[in-house]
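One letter stands for each residue in the lines below.
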Amino acid sequence: MSQCTLRSEALRLLTLPDVHHKSAVLVALVIEDFDVGELDDIKEPDNLPGRAARPALVHPRQLKHRSVHSPQGHTALIHALAHIEANAVNLALDMVWRFSGLDVSFYAQWMQVAKEEAMHFRLLNQHLASLGASYGDLPAHDGLWEMAQRTKADLVARLALVPRTLEARGLDVSPAIREKLASIGDDAGAAILDIILRDEIGHVALGNHWYRQVCSAQGLDPIASYASLAKANRAPVLKGPFNLDARRLAGFEDVELEALQG
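This text gives an overview of the structure that appears in the document. Since this is a predicted model, take the numbers as computed values, not measurements. (Residues numbered from 1 in each chain as written. Predicted model: local features only at pLDDT ≥ 70, side-chain atom pairs only at ≥ 80, totals over all residues. Heavy atoms only, no water.)

Re the packing of helix 6 (residues 155-183) against helix 7 (residues 187-217)
Interhelical geometry of helix 6 versus helix 7 gives an angle of 160° and a closest axis separation of 8 Å. Accordingly, the angle class assigned to the pair helix 6 and helix 7 is roughly antiparallel. Viewed along their axes, helix 6 and helix 7 form a crossing whose handedness is left-handed. Grouping the amino acids of the contact of helix 6 with helix 7 by side-chain chemistry returns 19 nonpolar, 5 polar and 6 charged. (Axes fitted to C-alpha atoms, helices over the stretch in contact; angles between N-to-C directions. Helix = DSSP H or I, 4+ residues; strand = E, 2+ residues; numbered from the N terminus. Parallel < 35°, antiparallel > 145°, perpendicular 65-115°, else oblique. Left-handed = near helix turned anticlockwise from the far one by under 90°. Nonpolar A, V, L, I, M, F, W, Y, C, P; charged D, E, K, R; others polar.)

Focus: the nonpolar core
One finds L26, L93, W110, M111 and L159 to be the most contacted residues of the largest nonpolar core, which totals 48 residues. Those elements that provide at least two residues to this core are helix 1 (6-15), helix 3 (71-98), helix 4 (104-130), helix 5 (143-150), helix 6, helix 7 and helix 8 (222-232). Ranked by the residues each element gives to this core, the list is headed by helix 6, at 8 residues. Those residues in contact with L26, other than ones at most four positions away along the chain, are L13, V89, L93, M111, A114, K115 and A118. One finds V19, V68, F121 and L124 within the second-largest nonpolar core, a separate group that totals 17 residues. (Core = buried A, V, L, I, M, F, W, Y, C linked by side-chain atoms within 4.5 Å. Buried < 20%, exposed > 50% of the residue type's maximum accessible area, 1.4 Å probe, protein only. Contact = heavy atoms within 4.5 Å.)

Brief notes about the environment of L197
Locating L197 in the fold gives a position in helix 7. Residues L197 and V173 lie 24 residues apart in sequence; the distance between their C-alpha atoms is 9.7 Å.

Some details on the side chain of E9
By secondary structure assignment, the location of E9 is in helix 1. In this structure E9 comes out as buried when scored by relative accessible area, which is 6%. Beyond its immediate chain neighbours, meaning those up to four positions away, E9 contacts C4, V25, L29, F34 and M111.

Okay, structure coming up:
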(Lines give C-alpha, C1' and ligand atoms only; values in the text may rest on other atoms or scores of the structure.)
Protein backbone atom coordinates (compact mmCIF):
# COMPACT_ATOMS: atom_id res chain seq x y z
CA MET A 1 0.00 0.00 0.00
CA SER A 2 1.37 3.38 -0.97
CA GLN A 3 2.20 5.89 1.75
CA CYS A 4 0.34 8.47 -0.35
CA THR A 5 -3.40 8.91 -0.40
CA LEU A 6 -5.31 9.09 -3.65
CA ARG A 7 -6.13 12.73 -2.99
CA SER A 8 -2.57 13.73 -2.14
CA GLU A 9 -1.35 11.98 -5.29
CA ALA A 10 -3.94 13.87 -7.33
CA LEU A 11 -2.67 17.17 -5.89
CA ARG A 12 0.95 16.19 -6.53
CA LEU A 13 0.20 15.37 -10.14
CA LEU A 14 -1.78 18.56 -10.58
CA THR A 15 1.26 20.63 -9.60
CA LEU A 16 3.54 18.95 -12.17
CA PRO A 17 4.34 21.36 -15.00
CA ASP A 18 5.19 18.71 -17.62
CA VAL A 19 1.92 17.36 -19.02
CA HIS A 20 3.80 14.59 -20.84
CA HIS A 21 5.25 13.27 -17.59
CA LYS A 22 1.97 13.82 -15.76
CA SER A 23 0.07 11.84 -18.36
CA ALA A 24 2.59 9.00 -18.40
CA VAL A 25 2.34 8.65 -14.60
CA LEU A 26 -1.46 8.71 -14.73
CA VAL A 27 -1.75 6.10 -17.47
CA ALA A 28 0.44 3.74 -15.41
CA LEU A 29 -1.22 4.56 -12.08
CA VAL A 30 -3.10 1.78 -10.30
CA ILE A 31 -5.92 3.43 -8.36
CA GLU A 32 -6.33 0.47 -6.01
CA ASP A 33 -2.80 1.03 -4.68
CA PHE A 34 -3.94 4.16 -2.83
CA ASP A 35 -6.05 4.90 0.21
CA VAL A 36 -8.57 7.68 -0.36
CA GLY A 37 -7.37 9.61 2.66
CA GLU A 38 -8.03 13.17 3.73
CA LEU A 39 -6.00 16.34 3.20
CA ASP A 40 -6.24 17.94 6.61
CA ASP A 41 -4.49 21.30 6.91
CA ILE A 42 -3.14 21.16 3.37
CA LYS A 43 -2.86 24.66 1.97
CA GLU A 44 -3.68 25.04 -1.69
CA PRO A 45 -0.42 25.57 -3.61
CA ASP A 46 0.06 28.76 -5.55
CA ASN A 47 -0.40 28.84 -9.30
CA LEU A 48 -2.43 25.69 -9.84
CA PRO A 49 -2.23 23.86 -12.12
CA GLY A 50 1.44 23.26 -12.78
CA ARG A 51 2.23 24.31 -16.34
CA ALA A 52 5.15 24.51 -18.69
CA ALA A 53 6.05 27.75 -20.47
CA ARG A 54 4.45 26.41 -23.65
CA PRO A 55 1.85 26.63 -25.01
CA ALA A 56 1.48 30.37 -24.64
CA LEU A 57 -1.98 31.18 -23.28
CA VAL A 58 -3.84 33.96 -25.09
CA HIS A 59 -7.36 35.32 -25.38
CA PRO A 60 -9.52 33.13 -27.65
CA ARG A 61 -9.88 36.02 -30.12
CA GLN A 62 -6.13 35.93 -30.70
CA LEU A 63 -6.20 32.36 -31.99
CA LYS A 64 -6.06 32.09 -35.77
CA HIS A 65 -8.76 30.10 -37.53
CA ARG A 66 -7.43 28.09 -40.44
CA SER A 67 -9.09 25.62 -42.77
CA VAL A 68 -8.50 22.00 -41.81
CA HIS A 69 -7.75 21.43 -45.51
CA SER A 70 -4.42 23.24 -45.09
CA PRO A 71 -1.51 21.52 -43.29
CA GLN A 72 -1.37 24.40 -40.81
CA GLY A 73 -5.10 24.17 -40.10
CA HIS A 74 -4.94 20.41 -39.71
CA THR A 75 -2.11 20.71 -37.19
CA ALA A 76 -3.88 23.55 -35.36
CA LEU A 77 -7.03 21.45 -34.95
CA ILE A 78 -5.17 18.48 -33.47
CA HIS A 79 -3.18 20.84 -31.23
CA ALA A 80 -6.41 22.45 -29.97
CA LEU A 81 -7.83 19.01 -29.17
CA ALA A 82 -4.64 18.05 -27.32
CA HIS A 83 -4.91 21.25 -25.28
CA ILE A 84 -8.49 20.41 -24.33
CA GLU A 85 -7.39 16.98 -23.12
CA ALA A 86 -4.43 18.42 -21.19
CA ASN A 87 -6.90 20.70 -19.41
CA ALA A 88 -9.28 17.80 -18.85
CA VAL A 89 -6.51 15.92 -17.03
CA ASN A 90 -6.09 18.87 -14.65
CA LEU A 91 -9.83 19.29 -14.16
CA ALA A 92 -10.25 15.66 -13.12
CA LEU A 93 -7.25 15.81 -10.77
CA ASP A 94 -8.61 18.99 -9.20
CA MET A 95 -11.96 17.26 -8.65
CA VAL A 96 -10.19 14.48 -6.72
CA TRP A 97 -8.08 16.57 -4.36
CA ARG A 98 -10.20 19.66 -3.81
CA PHE A 99 -13.52 18.37 -2.50
CA SER A 100 -13.55 16.44 0.76
CA GLY A 101 -16.00 14.28 2.67
CA LEU A 102 -17.43 12.34 -0.27
CA ASP A 103 -17.91 8.64 -0.88
CA VAL A 104 -14.78 6.62 -1.71
CA SER A 105 -16.22 5.88 -5.15
CA PHE A 106 -16.26 9.60 -6.01
CA TYR A 107 -12.48 9.85 -5.78
CA ALA A 108 -11.74 6.56 -7.50
CA GLN A 109 -14.10 7.38 -10.37
CA TRP A 110 -12.70 10.84 -11.02
CA MET A 111 -9.14 9.51 -10.85
CA GLN A 112 -10.16 7.01 -13.53
CA VAL A 113 -11.42 9.96 -15.56
CA ALA A 114 -7.99 11.59 -15.16
CA LYS A 115 -6.35 8.40 -16.44
CA GLU A 116 -8.58 8.32 -19.51
CA GLU A 117 -8.04 12.00 -20.26
CA ALA A 118 -4.30 11.38 -20.00
CA MET A 119 -4.57 8.61 -22.57
CA HIS A 120 -6.53 10.93 -24.88
CA PHE A 121 -3.78 13.53 -24.57
CA ARG A 122 -1.09 10.98 -25.35
CA LEU A 123 -2.94 9.74 -28.43
CA LEU A 124 -3.36 13.27 -29.74
CA ASN A 125 0.24 14.24 -28.99
CA GLN A 126 1.46 11.14 -30.83
CA HIS A 127 -0.75 12.13 -33.74
CA LEU A 128 0.71 15.66 -33.64
CA ALA A 129 4.17 14.10 -33.91
CA SER A 130 3.07 12.32 -37.08
CA LEU A 131 2.22 15.78 -38.47
CA GLY A 132 5.65 17.13 -37.56
CA ALA A 133 4.49 19.06 -34.50
CA SER A 134 4.18 18.69 -30.73
CA TYR A 135 2.01 20.06 -27.97
CA GLY A 136 3.08 23.60 -27.11
CA ASP A 137 4.03 24.62 -30.63
CA LEU A 138 0.92 26.78 -30.98
CA PRO A 139 -0.84 29.20 -28.60
CA ALA A 140 -3.97 28.15 -26.72
CA HIS A 141 -6.59 29.65 -24.41
CA ASP A 142 -7.44 28.99 -20.77
CA GLY A 143 -11.24 28.90 -20.78
CA LEU A 144 -11.62 25.46 -19.21
CA TRP A 145 -9.42 26.20 -16.23
CA GLU A 146 -11.02 29.61 -15.74
CA MET A 147 -14.31 27.83 -15.04
CA ALA A 148 -12.53 25.57 -12.57
CA GLN A 149 -11.33 28.68 -10.75
CA ARG A 150 -14.83 30.16 -10.62
CA THR A 151 -16.28 26.98 -9.12
CA LYS A 152 -13.49 25.91 -6.79
CA ALA A 153 -15.48 26.73 -3.65
CA ASP A 154 -18.70 24.99 -4.70
CA LEU A 155 -18.90 21.31 -5.66
CA VAL A 156 -22.43 21.68 -7.03
CA ALA A 157 -21.30 24.47 -9.35
CA ARG A 158 -18.21 22.52 -10.42
CA LEU A 159 -20.26 19.45 -11.33
CA ALA A 160 -22.91 21.54 -13.08
CA LEU A 161 -20.58 23.65 -15.17
CA VAL A 162 -17.52 21.55 -15.95
CA PRO A 163 -18.59 17.96 -16.77
CA ARG A 164 -22.24 18.83 -17.47
CA THR A 165 -21.60 21.99 -19.53
CA LEU A 166 -18.09 22.40 -20.90
CA GLU A 167 -17.29 18.71 -21.29
CA ALA A 168 -20.80 17.91 -22.49
CA ARG A 169 -20.20 20.44 -25.25
CA GLY A 170 -17.58 18.03 -26.53
CA LEU A 171 -20.33 15.49 -27.16
CA ASP A 172 -22.01 17.98 -29.48
CA VAL A 173 -18.97 19.00 -31.51
CA SER A 174 -17.12 15.67 -31.77
CA PRO A 175 -19.10 14.30 -34.75
CA ALA A 176 -18.46 17.41 -36.86
CA ILE A 177 -14.76 17.43 -35.99
CA ARG A 178 -14.54 13.76 -36.83
CA GLU A 179 -16.12 14.43 -40.22
CA LYS A 180 -13.61 17.21 -40.90
CA LEU A 181 -10.73 14.86 -40.21
CA ALA A 182 -12.25 12.08 -42.29
CA SER A 183 -12.81 14.52 -45.16
CA ILE A 184 -9.07 15.13 -45.47
CA GLY A 185 -8.18 11.46 -45.16
CA ASP A 186 -7.03 11.63 -41.54
CA ASP A 187 -8.45 8.26 -40.55
CA ALA A 188 -6.12 8.01 -37.56
CA GLY A 189 -7.38 11.34 -36.19
CA ALA A 190 -10.99 10.31 -36.79
CA ALA A 191 -10.38 7.06 -34.87
CA ILE A 192 -9.00 9.03 -31.91
CA LEU A 193 -12.17 11.16 -31.93
CA ASP A 194 -14.22 7.95 -31.75
CA ILE A 195 -12.30 6.89 -28.62
CA ILE A 196 -12.68 10.32 -27.04
CA LEU A 197 -16.43 10.50 -27.70
CA ARG A 198 -16.96 7.03 -26.25
CA ASP A 199 -15.07 7.90 -23.07
CA GLU A 200 -16.50 11.40 -22.73
CA ILE A 201 -20.04 10.02 -22.68
CA GLY A 202 -18.99 8.16 -19.55
CA HIS A 203 -17.33 11.23 -18.04
CA VAL A 204 -20.40 13.40 -18.57
CA ALA A 205 -22.58 10.60 -17.19
CA LEU A 206 -20.43 10.61 -14.07
CA GLY A 207 -20.92 14.37 -13.79
CA ASN A 208 -24.68 13.93 -14.11
CA HIS A 209 -24.72 11.18 -11.47
CA TRP A 210 -22.77 13.12 -8.86
CA TYR A 211 -24.51 16.41 -9.63
CA ARG A 212 -27.85 14.82 -8.84
CA GLN A 213 -26.44 13.05 -5.79
CA VAL A 214 -25.05 16.26 -4.31
CA CYS A 215 -28.17 18.26 -5.19
CA SER A 216 -30.29 15.64 -3.43
CA ALA A 217 -28.05 15.70 -0.35
CA GLN A 218 -28.35 19.51 -0.19
CA GLY A 219 -32.08 19.61 -0.92
CA LEU A 220 -31.61 21.38 -4.25
CA ASP A 221 -33.69 21.04 -7.39
CA PRO A 222 -31.22 20.01 -10.13
CA ILE A 223 -33.02 21.84 -12.96
CA ALA A 224 -33.56 25.15 -11.17
CA SER A 225 -30.12 25.02 -9.58
CA TYR A 226 -28.43 24.52 -12.92
CA ALA A 227 -29.99 27.65 -14.40
CA SER A 228 -28.96 29.81 -11.46
CA LEU A 229 -25.44 28.37 -11.29
CA ALA A 230 -24.90 28.89 -15.02
CA LYS A 231 -25.93 32.53 -14.72
CA ALA A 232 -23.95 33.23 -11.55
CA ASN A 233 -20.75 31.71 -12.95
CA ARG A 234 -21.05 33.17 -16.46
CA ALA A 235 -21.26 29.81 -18.16
CA PRO A 236 -21.35 29.95 -21.97
CA VAL A 237 -24.77 29.85 -23.58
CA LEU A 238 -24.84 26.60 -25.52
CA LYS A 239 -26.04 26.65 -29.11
CA GLY A 240 -27.01 23.78 -31.38
CA PRO A 241 -26.71 21.47 -33.07
CA PHE A 242 -26.75 19.16 -30.06
CA ASN A 243 -25.78 15.50 -30.03
CA LEU A 244 -28.99 14.40 -28.36
CA ASP A 245 -28.25 10.70 -28.63
CA ALA A 246 -24.90 11.08 -26.89
CA ARG A 247 -26.40 13.38 -24.27
CA ARG A 248 -29.11 10.83 -23.50
CA LEU A 249 -26.46 8.12 -23.14
CA ALA A 250 -24.65 10.48 -20.76
CA GLY A 251 -27.72 10.70 -18.54
CA PHE A 252 -29.38 13.96 -19.51
CA GLU A 253 -33.14 13.78 -19.02
CA ASP A 254 -35.67 14.79 -21.64
CA VAL A 255 -36.71 17.88 -19.71
CA GLU A 256 -33.09 19.05 -19.67
CA LEU A 257 -32.68 18.45 -23.39
CA GLU A 258 -35.91 20.34 -24.11
CA ALA A 259 -34.65 23.30 -22.07
CA LEU A 260 -31.33 23.14 -23.89
CA GLN A 261 -32.98 23.31 -27.29
CA GLY A 262 -35.43 25.99 -26.19
